[in-house]
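This is what each chain is made of:
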Amino acid sequence: MMEPLIVFDHLCKFYQMGDETVRAADDISFSIDRGEFVAIVGKSGSGKSTCMNIIGCLDVPTSGRYLLHGADVGSLSKNELAETRNKMLGFIFQQYNLLPKLSVLENVEVPLMYAGVPRGERRRRAEEALERVGLIDKRKNRPNQLSGGQQQRVSIARALAGDPPVILADEPTGALDSKTSREVLGMLQQVHREGRTVVLITHDNSIAVTAPRIIRLEDGKVVYDGPAHGRNALVGGEEAAG
Amino acid sequence: MSLGESFTMALRNIRASKMRTFLTMLGIIIGIASVMVIVGLGNGMENYITESFQSMGTNTISVTLMGRSSSRSVSEEQMYEIVEENSRYFDQISPLVNLSGVKIGTESLSYTSVTGVSEDYFNMKQYTISQGRGLQYLDMEDRLSVCVIGEYLSRTYFGGDALGKTVRVGGRPYTVVGVMTQEGDTLEEGGADDCVFLPYTTAARASGMGTISSYVVTVTSEDLAYQAKEVLEDALTELYGSDSVFSVISMTEMLDAMNSMVDVMITILAAIAAISLVVGGIGIMNIMLVSVTERTREIGIRKALGAKERTILLQFVIEAATTSAAGGLIGIALGYALSSAATVLITTLLETSMAVTPSAASITMAFGVSAAIGVLFGYLPAKKAAQLNPIDALRYE
Ligand SMILES: Nc1ncnc2c1ncn2[C@@H]1O[C@H](COP(=O)(O)OP(=O)(O)O)[C@@H](O)[C@H]1O
Ligand SMILES: [Mg+2]
């Protein structure tokens, strides 16, 4: 049997706030196989961002282990963490997080640049990624000349450009209207169909059901881990507005 | 990411905020320009001084004997002996006897210099004769009443036809036997060409002084000037039994002394000007710190996308160094412009041809220093940027 790509093994993340310890992630265990599409869902403050930061190698757990592709992320140096983010992960943020001074094409090139891909190939791969999200004709524009939906598609292109095995989307539709939200979610499904592992983080049940599997968090604990259509899958979630 | 790309990125960020960058550079620009002008001024002064000395002859040593009241005295024969015995150091010697009171016809010339010299003097000074002859050994031997005059006197008082005419010094008549080739840039009263040279023996007799107290000696090579001076001092000390009754001044030594004085002055001035480089560096640090704060989110994004601390550090250091080096280049250009302006100003105001010349070394150094200041003062902000926690940086609004 193939080893899972992402493993949380009794993972905890505590924050010390004065005398009080905030248990942002409290003994979380789950594993995600290569090629899965999983939504991590929960109310505000339930620990989603904490999990996302750890999966994204932006942060390390207080205790327990996080294995990514078999490697214990907790034991990696800062440089190794940066390299892992670059090679293994494609980030899609709620706020798009494009660099405002760079053109659309240059934005998509950034992860490739840090991967040391030579200029010519970098350009080619970035253009390819832009073509896939249908924005090749906007490659010379600045991000602020694009609509929210378009910017999010650029950020998807950027996440895909380096061809990482894991795509991590943190509230990717949080700033979009429902039509563009559907477009972006459709794109994530497409990315998943192409064989990539997609982790979607959202507070919104109606978004979460895009994924076949749901992991529900409450107060830093996993309260449900199963198929999106399973009983209790949507219990306690916040209903989508509108 | 390559160094070239970091550099391109730095240029972009600099161009994105031109006004701010320019203001940041200002300290560096002013610092570099003023250091350059001051160093250029120093070079100009040294060149000017060196040229002036060279026209007087840097290979000459002046000797003044003050031993008149002491029982012993040193005769001209003894002086000639010293020179001949140390031919490794000394080339030629001429006594100098100064007289005054020149009259041509009925006109008294109070600015004309009158000097009694030996037949070697013209050769020592590299003066040449344009008409007639120079002074000769026989003129000395026979104490002839002849003279060589400068071009100024020849033109002004004899219409260029002075040979055989008479010049009076101290009431005595002297026949002009030669005219010296023009020495100065212009012919003027009291200038290099307003002069009369007599045989020193004739002049010594006319002056009524028993011994000759002033000599000029040429050394075989400027490199030996210091040793030659010592040899001369030792010989005179032995003859006098004292080292306080004569003075020996080497032109090379004087030139060196003056140049080192200029050096000290210029170094002090340049150091003061360099303070503005430090101020400029602090300006760069300040603006880089602001820039790091403003770009916190960008740094977070870059880190999330795989930028290592080293890469971020390099990016900011290169940006600071590029800003500073660009300021340096502008400063160098400004320094050049100011130097040329100063040259024109000095030439017209002081009527001396002194060129303010910034040296290539000072320019290279100015550029190096400005880049180094950027690295030095950019390092702290860059370090701060590199060490930002990516999560906090991403959350930063
Ligand atoms: N840096 C931090 N310092 C202290 N407490 C934190 C920090 N980050 C998150 N928390 C706390 O951890 C809990 C989980 O937060 P978070 O993971 O952001 O939840 P979510 O993304 O689901 O809203 C919250 O109670 C939050 O206040
Ligand atoms: Mg959150």
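Residues numbered from 1 in each chain as written. Chains lettered and ligands numbered in written order. Predicted model: local features only at pLDDT ≥ 70, side-chain atom pairs only at ≥ 80, totals over all residues. Heavy atoms only, no water.

With respect to the packing of helix 3 (residues 104-114) of chain A against helix 4 (residues 119-132) of chain A
Residue and element names in this part refer to chain A.
Here comes step 1: Following both chains from N to C, one finds helix 3 and helix 4 inclined at 120°, their axes separated by 9 Å at the closest point. Between helix 3 and helix 4, the angle is such that the two are oblique. In this structure, the crossing between helix 3 and helix 4 has a hand that is right-handed. Side by side, helix 3 and helix 4 meet where Val104, Leu105, Val108, Glu109, Leu112 and Met113 of the first sit next to Arg122, Arg123, Arg125, Ala126, Glu127, Ala129 and Leu130 of the second.
Here comes step 2: Taken together, the residues of the contact of helix 3 with helix 4 sort by class into eight nonpolar, no polar and five charged. (Axes fitted to C-alpha atoms, helices over the stretch in contact; angles between N-to-C directions. Helix = DSSP H or I, 4+ residues; strand = E, 2+ residues; numbered from the N terminus. Parallel < 35°, antiparallel > 145°, perpendicular 65-115°, else oblique. Left-handed = near helix turned anticlockwise from the far one by under 90°. Contact = heavy atoms within 4.5 Å. Nonpolar A, V, L, I, M, F, W, Y, C, P; charged D, E, K, R; others polar.)

As for the pattern of salt bridges
If charged atoms from side chains of opposite charge come close, those side chains can pair.
Here comes step 1: The tally for this structure, following the rule as stated, stands at 31 salt bridges over all chains.
Here comes step 2: Arg23 of chain A is the salt-bridge partner of Asp26 of chain A, the closest N and O atoms lying 3.4 Å from each other.
Here comes step 3: Judged by relative accessible area, Arg23 of chain A falls into the partly exposed class, the value being 45%.
Here comes step 4: The closest approach of N and O atoms between Glu5 of chain B and Arg119 of chain A, which form a salt bridge, is 3.7 Å. Taken together, the residues span two chains, with Glu5 of chain B in helix 1 (residues 3-16) and Arg119 of chain A in helix 4.
Here comes step 5: Overall, Glu5 of chain B belongs to the buried group, its relative accessible area being 12%.
Here comes step 6: On the accessibility criterion, Arg119 of chain A (52% relative accessible area) is exposed.
Here comes step 7: Residues joined by salt bridges that share partners form a network here, namely Glu109, Arg119, Arg122 and Arg123 of chain A together with Glu5 of chain B. (Salt bridge = Lys/Arg side-chain N within 4 Å of Asp/Glu carboxyl O. Buried < 20%, exposed > 50% of the residue type's maximum accessible area, 1.4 Å probe, protein only.)

Some thoughts on the pairing of strand 9 (residues 166-169) of chain B
All names here are of chain B.
Here comes step 1: Because side chains alternate across strand 9, one face comprises the buried residues Val167 and Val169, and the other comprises Thr166 and Arg168, none of which is buried.
Here comes step 2: Note that strand 4 (residues 102-104) and strand 9 share two bridges and pair antiparallel. Its bridge partner being in strand 9, Val102 is matched across the sheet by Val169.
Here comes step 3: Note: strand 9 against strand 10 (residues 172-180), four bridges, orientation antiparallel. Each residue of the ladder has a partner; that of Val167, found in strand 10, is Tyr174. (Pairing = 2+ DSSP bridges.)

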